[in-house]
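# Remarks on the overall topology
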Amino acid sequence: MFYDPKNGAGSTNGGLRDARTKNGGLAHNPFKAIVAPRPIGWISTRGPLGDNLAPYSFFNAVNDAPMQVMFAGSLKDSIFNLRESGVFAVNVVAESMINAMNASSEAVARGVDEFALAGVEKAECKVIDCPRVAQAPATLECRVAHLLELGGGSWMAVGEVVGVHIREEYLRDGRFDLALVRPVARLGYRDYAVVGAPFELERPDD
């Protein structure tokens, strides 16, 4: 089958029934399910109206020398705040934090502190003026390197990592142990996954 992103299932072009016929019976856009799993960046920022915390599933590392990460979303509090402050923090979401992460995704008025809304303990970053999730297995303190408008009302922020917090209970033999963290990942639709069984694989040229 072939899926047309511009005239896909669920579009208003010809109605849902026609769209399903044209796209193999798909009732929903499959893009997010295909590009999965995606790590969740739990982004914390500080702005003129206070602190903000929100999860983003369009998030990933994009470079390691220098260390850089990106996240993308609509022009909401996170983007507004980092445009003013030039900084943000990325907090890793452990399995035990799923409900708090989900609660912080609620659409609320600007100035509402999602840390308080979701019952998340707050701590201060060390290098930047920004809050972080105190109980997160790891947090990346970031300075904005690039802010790009993507179209469709979405923006992408690229940040250079200037500090890393790691809770010692998630370290084993000098490594950040994902089997202990069990980080949450986003799939398509309303689906999530937990990384619970990582394995090693050597490259042919190692």
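Residues numbered from 1 in each chain as written. Predicted model: local features only at pLDDT ≥ 70, side-chain atom pairs only at ≥ 80, totals over all residues. Heavy atoms only, no water.

Attention now moves to the environment of valine 144. Secondary-structure assignment places valine 144 in strand β9 (residues 138–151). With relative accessibility at 27%, the residue valine 144 sits in the partly exposed group. The contact partners of valine 144, leaving out residues within four places of it in the chain, are Leu82, Gly86, Val87, Phe88, Val158 and Gly159. (Helix = DSSP H or I, 4+ residues; strand = E, 2+ residues; numbered from the N terminus. Buried < 20%, exposed > 50% of the residue type's maximum accessible area, 1.4 Å probe, protein only. Contact = heavy atoms within 4.5 Å.)

With the rule as written, the count across this model stands at eleven salt bridges. A salt bridge links aspartate 205 to arginine 203; its shortest N-O distance comes to 3.3 Å. (Salt bridge = Lys/Arg side-chain N within 4 Å of Asp/Glu carboxyl O.)

Locating valine 181 in the fold gives a position in helix α6 (residues 178–181). For the pair valine 181 and cysteine 125, spaced 56 residues apart in sequence, the C-alpha separation works out to 21 Å. In contact with valine 181, not counting residues within four places along its chain, are Val92, Ala94, Glu95, Pro137, Tyr170 and Phe176.

This part covers the packing of aromatic side chains. Summed over the entire model, instances satisfying the criterion amount to two aromatic pairs. Consider the rings of phenylalanine 71 and phenylalanine 88, whose centres lie 5.2 Å apart with planes at 75 degrees: the pair is edge-to-face. Taken as a pair, phenylalanine 71 in strand β5 (residues 67–74) and phenylalanine 88 in strand β6 (residues 87–91) lie far apart in primary sequence, 17 residues in all. Both residues of the pair, phenylalanine 71 and phenylalanine 88, count as buried. By the ring-pair criterion, three or more aromatic residues cluster together here, those being Tyr56, Phe71 and Phe88. It is arginine 83 that lies over the ring of tryptophan 155; its NZ or CZ is 5.6 Å from the centre. Here arginine 186 stacks its cationic end above the ring of tyrosine 192, 4.4 Å away from the centre of that ring. (Phe/Tyr/Trp six-rings, centres within 6.5 Å; stacked < 30°, edge-to-face > 60°. Lys NZ or Arg CZ within 6 Å of the ring centre and 35° of its normal.)

Buried within helix α3 (residues 77–85) we find Asp77, Ser78, Ile79, Asn81 and Leu82. For α3, the elements touching its buried residues are β2 (41–47), β3 (50–56), β5, β6, β9 and β10 (154–166). Downstream of α3 by one or two residues, glycine 86 has phi in the positive range, about 80 degrees.

Before going further, it helps to examine the pairing of strand β4 (residues 59–64). When β4 meets β5, the two strands line up antiparallel, connected through five bridges. What sits directly across from phenylalanine 59, in β5, is phenylalanine 71. (Pairing = 2+ DSSP bridges.)

Strand order across the open sheet formed by seven strands is β3-β2-β6-β9-β10-β5-β4, with antiparallel pairing between neighbours. With one partner strand each, in any of the chains shown, β3 and β4 form the two edges of the open sheet. Neighbour to neighbour, the strand axes of the sheet diverge by 35 degrees on average, direction disregarded. Across twelve bridges, β9 lies against β10 in antiparallel orientation. Each bridged residue has a counterpart across the sheet, and for glycine 151 the counterpart in β10 is serine 154. (Axes fitted to C-alpha atoms, helices over the stretch in contact; angles between N-to-C directions.)

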